[in-house]
Number of protein chains: 2
Amino acid sequence: MRIIVDAFGGDNAPLEIIKGCALAVEELGLTILLTGNRQEIERVARENGVSLAGMEIADAPSVITMEDDPGDILKAKKDCSMAEGLRRLAAGEGDGFLSGGNSGALVVGATAYVKRIKGIRRAAFAPVMPKNEGCFMLIDSGANVECRPEMLRLFGIMGSVYMQRVMHVANPRVGLANVGVEPHKGGELQHEAYELLKNSPVHFIGNIEARDIPMDAADVVVADGFTGNVILKLYEGVALTLMGKIKGILTKGLKNKLAAALILPDIKQLKKQMDYNEYGGAPVMGISKPVFKTHGSATAKTVKNALRLTAAYAQGDVVGEITKAVAALAEQGGTAL
Amino acid sequence: MRIIVDAFGGDNAPLEIIKGCALAVEELGLTILLTGNRQEIERVARENGVSLAGMEIADAPSVITMEDDPGDILKAKKDCSMAEGLRRLAAGEGDGFLSGGNSGALVVGATAYVKRIKGIRRAAFAPVMPKNEGCFMLIDSGANVECRPEMLRLFGIMGSVYMQRVMHVANPRVGLANVGVEPHKGGELQHEAYELLKNSPVHFIGNIEARDIPMDAADVVVADGFTGNVILKLYEGVALTLMGKIKGILTKGLKNKLAAALILPDIKQLKKQMDYNEYGGAPVMGISKPVFKTHGSATAKTVKNALRLTAAYAQGDVVGEITKAVAALAEQGGTAL
């Protein structure tokens, strides 16, 4: 399997990206097509002793940054490493694409260069996040601030396929993020999405309250991008704040430091468990080929994890399964997608 | 100062309610008008040795439950303890009203029996919640699932007055919950609310991201009721999940239990700090007299705290200040409230 990788996406690019790719070549048996400034990639690899075995390079002169407008990937920055990777994915030069760069640009670029699956109107960002035990997919987490009910239905279908085929959750429970569990809760968007999800080929368990999301309420949490973004970021904020408080306790005075020494391995494991960076990133769902976003701050290990997930995204034929599900829906219900 | 109290609001009513009232009479020097079944109140007080000194009772035969439709407070359950209390508040028989009962019924009942402040179109639920250091007000947290921009402006103004007059925060920072800090972030609701808040008599600091809410991003977090409800409940859910994990670590094996013994006082304090129940509850903002909601699960101590805040809500003349601010706005900007 060959994954195309944007060598210049993220804060630690290109060094941590190519180090992560080297790990993936060695440990996962993948081959890699890097996109980006060839000279720079070769220089950084050489200076840091990173082997480029198993990797090819497709030269791309520019980089789209976090400050650039996402639309620039189609205009001023259409020769950037991200755009180059997406075009090569569209041309069939790899089985999937990974970038740690500008998220908005990735959605815009993937939609324009790779195209959406037939029947999918909008791509979604869908991080896999930690919960009490295991993980869940949050879809959408911010690509679509304003959504229509049909979009939420498709998010549920796409999330269900991903959790099944990539995370190996049998019969994933799909829940709609809402302000109460009763079907009449929420606004017009939630009411209509509820009815659509109820009549969809997913294991829809109804509305779920935000309080229950971290406690295994569902395997797929469906939300409009505004709500999903609030969930994603508040989740992180509360966890960081609390872990900061715990750290404060464990470094306060001799007695507490002694206690810290005793429980440090467990605290570290908890921190790791609650750190959504550990999960490697988020698939962009709804694109006709696997596109995966890793964190801007990704280190080599995170990049390797993200490559593993990108490969699983391709191997599980997530795109094929979604295509089938959407086609079946269209046949059933006309064109209301 | 005399506070009217719904003796039958909440899971632990009437016992914990009257115990809390007894504490407030003794420690805060308040007098209390209890509403609810007189015989039952007197029996429970007698059987549990709670003194009813400083309290009067206004008889009310029924109770509105969590299962009742909020609208019932105006119809089938208009003789309930909550409705009785609200009508007596409207009639000037007390300086404020406290209930731990059905939140929806409280908003509907307060709006119908006590009326809103002139110029305020919708009442809001506004819990004061813990953050890294201190607390913030979240307004609205669920009374209004669908909001218009003018409502968000008024939420900001009301929250600012409350934090100033009751929580003694000088020049409270008002932030709009959004998916990014830039003014163009969010949907139409956020764009228009941003402009209105910018031109309001509050210290508006712009958009804030959910990640920063627990880390002292603002003193007043303005949101539509759907988003606010998600924030409120996810906040609680993530904190509970993490504290549960910490508890698991501290009770796992002898070594960890030893550590637990060393840091237990600090962990308990943290738990207390992050427990929003400790803050006693949430004011209903926008009503022409102080109405305060305490938690359904409130114990006597929480009820006493809530009574302290209800009294401060009245003493700080929050209603008068909001009335003035809204009148000034109306004079300035016409009738667009």
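Note that the structure is a prediction, hence the values are computed from the model and not measured.

Caption draft 1: The overall build of chain A, seen in detail. Within chain A one finds ten helices and twelve strands. By the burial criterion, 59% of the 337 residues in chain A qualify as buried. Counting contacts in chain A only where the partners sit at least 6 residues apart, residues at least 24 apart contribute 69% of the total. If you sum the accessible surface of chain A, you get close to 13100 Å²; carbon and sulfur atoms cover 51% of it.

Caption draft 2: Broad picture of the packing of aromatic side chains. For the coordinates displayed, the defined rule picks out six aromatic pairs over all chains. The aromatic ring of Tyr113 of chain A is capped on one face by Arg87 of chain A, whose charged end is 5.1 Å from the ring centroid.

Caption draft 3: Expanded view of the environment of Gln39 of chain B. As for its position among the elements, Gln39 of chain B is in helix α2 (residues 38-48). Taking the C-alpha atoms as reference points, Gln39 of chain B and Cys80 of chain B, 41 residues apart in sequence, are found 15 Å from one another.

Caption draft 4: Helix α6 (residues 188-198) of chain A, seen in detail. Those residues of α6 of chain A lying buried are Leu189, Gln190, Ala193, Tyr194 and Leu197 of chain A. The buried residues of α6 of chain A all sit within an arc of 130° when viewed along its axis, so they share a single face. Residues of α6 of chain A that are buried sit in contact with α5 (149-165), β8 (173-178), β9 (203-209) and β10 (220-222) of chain A together with α7 (225-250) of chain B.

Caption draft 5: Structural detail: the packing of α5 of chain A against α6 of chain A. Residue and element names in this part refer to chain A. Relative orientation of the contacting elements α5 and α6 amounts to 45°, with a least axis distance of 8 Å. The pairing of α5 with α6 is recorded here as oblique in orientation. Crossing of α5 against α6: the hand is right-handed. Between α5 and α6, the contacting residues are Pro149, Glu150, Leu152, Arg153 and Gly156 on the first element and Leu189, Glu192, Ala193, Leu196 and Leu197 on the second. Taken together, the residues of the contact of α5 with α6 break down into six nonpolar, one polar and three charged.

Caption draft 6: Highlighting the sheet that holds strand β5 (residues 124-125) of chain B. Residue and element names in this part refer to chain B. Spatially, the seven strands line up as an open sheet ordered β3-β2-β1-β4-β12-β11-β5, and their pairing is mixed. Of all the strands in the sheet, the pair left with one neighbour each is β3 (55-59) and β5. Relative to β3, strand β2 (residues 31-36) runs parallel, the two sharing five bridges. Bridging across to β3, Thr35 finds its partner in Ala58. Where helix α9 (residues 300-315) meets the sheet, its contacts fall on β1 (2-6), β2, β4 (96-99), β11 (282-285) and β12 (291-293), and the angle it forms with β4 comes to roughly 155°.

Caption draft 7: Fine view of the interface of chain B and chain A. The interface is formed by 50 residues belonging to chain B together with 50 residues belonging to chain A. Across the chain B to chain A interface the summed buried area is about 4600 Å²; carbon plus sulfur atoms make up 73%. Of all residues in chain B, the largest losses of buried area upon contact with chain A belong to Arg211, Phe226 and Leu234 of chain B, amounting jointly to 14% of the total for that side. At the surface where chain B touches chain A, the tally comes to eight salt bridges. Residue Glu209 of chain B is joined to Lys233 of chain A by a salt bridge in which the shortest nitrogen-to-oxygen separation is 2.3 Å. The tally of links from chain B across to chain A stands at 16 residue pairs in polar contact (both at pLDDT 80 or more). Looking at the side of chain B that touches chain A, the elements that each hand over two or more residues are β8 (173-178), α6 (188-198), α7 and α8 (253-274) of chain B. At 20 residues, the largest contribution of residues to the side of chain B that touches chain A is made by α7 of chain B.

Caption draft 8: Just the relation of the copies chain B and chain A, in detail. Expressed as a screw transformation, the operator carrying chain B onto chain A has a rotation angle of 180° and an axial translation of 0.0 Å, and the superposed copies differ by an RMSD of 0.0 Å. Each copy turns onto its partner about a two-fold axis. Closest approach to the rotation axis within chain B is made by the C-alpha atom of Ala259 of chain B, at a distance of 2.0 Å. The share of interface residues of chain B whose copies in chain A are also at the interface is 100%, consistent with both copies meeting through the same surface.

Caption draft 9: Up close: the nonpolar core. With 65 residues, the main nonpolar core has Leu34, Ile139, Tyr162, Met285 and Leu307 of chain A as its most contacted residues. Considering each element in turn, this core owes the most residues, nine residues, to α5 of chain A. Leaving out residues up to four positions away in the same chain, Leu307 of chain A has contacts with Ile3, Val5, Gly20, Cys21, Ala24, Leu30, Ile32 and Leu98 of chain A. Formed by 64 residues, the second largest nonpolar core is a distinct cluster that contains Ala223, Ile249 and Ala259 of chain A together with Ala218 of chain B.

Caption draft 10: Here's a closer look at unusual backbone geometry. The linkage connecting Ile139 of chain A with the following residue, Asp140 of chain A, adopts the cis geometry, with an omega of 5°. Within the secondary structure, Asp140 of chain A is located in the loop between β7 (135-139) and α5. In this structure, the amide linkage connecting Ala13 of chain B to the following residue, Pro14 of chain B, adopts the cis form with an omega of 0°. Structurally, Pro14 of chain B can be placed in the loop between β1 and α1 (15-28). Even without being a glycine, His168 of chain A presents a positive backbone phi close to 60°.

Caption draft 11: Representation of the side chain of Thr310 of chain A in the model. Residues and elements named next belong to chain A. The topology assignment puts Thr310 in helix α9 (residues 300-315). A relative accessible area of 0% places Thr310 in the buried class. There is a polar contact of 2.7 Å between the side chain of Thr310 and the backbone oxygen of Ala306. Ignoring any residue separated from it by four or fewer positions in sequence, one finds Thr310 in contact with Ile3, Gly96, Phe97, Leu98, Pro290 and Phe292.

Caption draft 12: Here's a closer look at the side chain of Asn207 of chain B. All names here are of chain B. Mapped onto the elements, Asn207 comes out in strand β9 (residues 203-209). Within polar-contact distance, the side chain of Asn207 engages the backbone oxygen of Glu182 at 2.8 Å. The residues touching Asn207, leaving out its near neighbours within four places in the chain, are Leu176, Asn178, Gly180, Val181, Glu182, Pro183, Lys185 and Tyr194.

Rules of the game
Residues numbered from 1 in each chain as written. Chains lettered and ligands numbered in written order. Predicted model: local features only at pLDDT ≥ 70, side-chain atom pairs only at ≥ 80, totals over all residues. Heavy atoms only, no water. Helix = DSSP H or I, 4+ residues; strand = E, 2+ residues; numbered from the N terminus. Buried < 20%, exposed > 50% of the residue type's maximum accessible area, 1.4 Å probe, protein only. Contact = heavy atoms within 4.5 Å. Areas by Shrake-Rupley, 256 points an atom, 1.4 Å probe, with all protein chains shown as cover. Phe/Tyr/Trp six-rings, centres within 6.5 Å; stacked < 30°, edge-to-face > 60°. Lys NZ or Arg CZ within 6 Å of the ring centre and 35° of its normal. Arc of directions from axis to C-beta. Axes fitted to C-alpha atoms, helices over the stretch in contact; angles between N-to-C directions. Parallel < 35°, antiparallel > 145°, perpendicular 65-115°, else oblique. Left-handed = near helix turned anticlockwise from the far one by under 90°. Nonpolar A, V, L, I, M, F, W, Y, C, P; charged D, E, K, R; others polar. Pairing = 2+ DSSP bridges. Buried area = accessible area lost by both parts, 1.4 Å probe. Salt bridge = Lys/Arg side-chain N within 4 Å of Asp/Glu carboxyl O. Polar contact = N/O pair within 3.5 Å; in protein donor to acceptor, adjacent residues only side chain to side chain. Least-squares fit on C-alpha atoms with pLDDT ≥ 70 in both. Core = buried A, V, L, I, M, F, W, Y, C linked by side-chain atoms within 4.5 Å.

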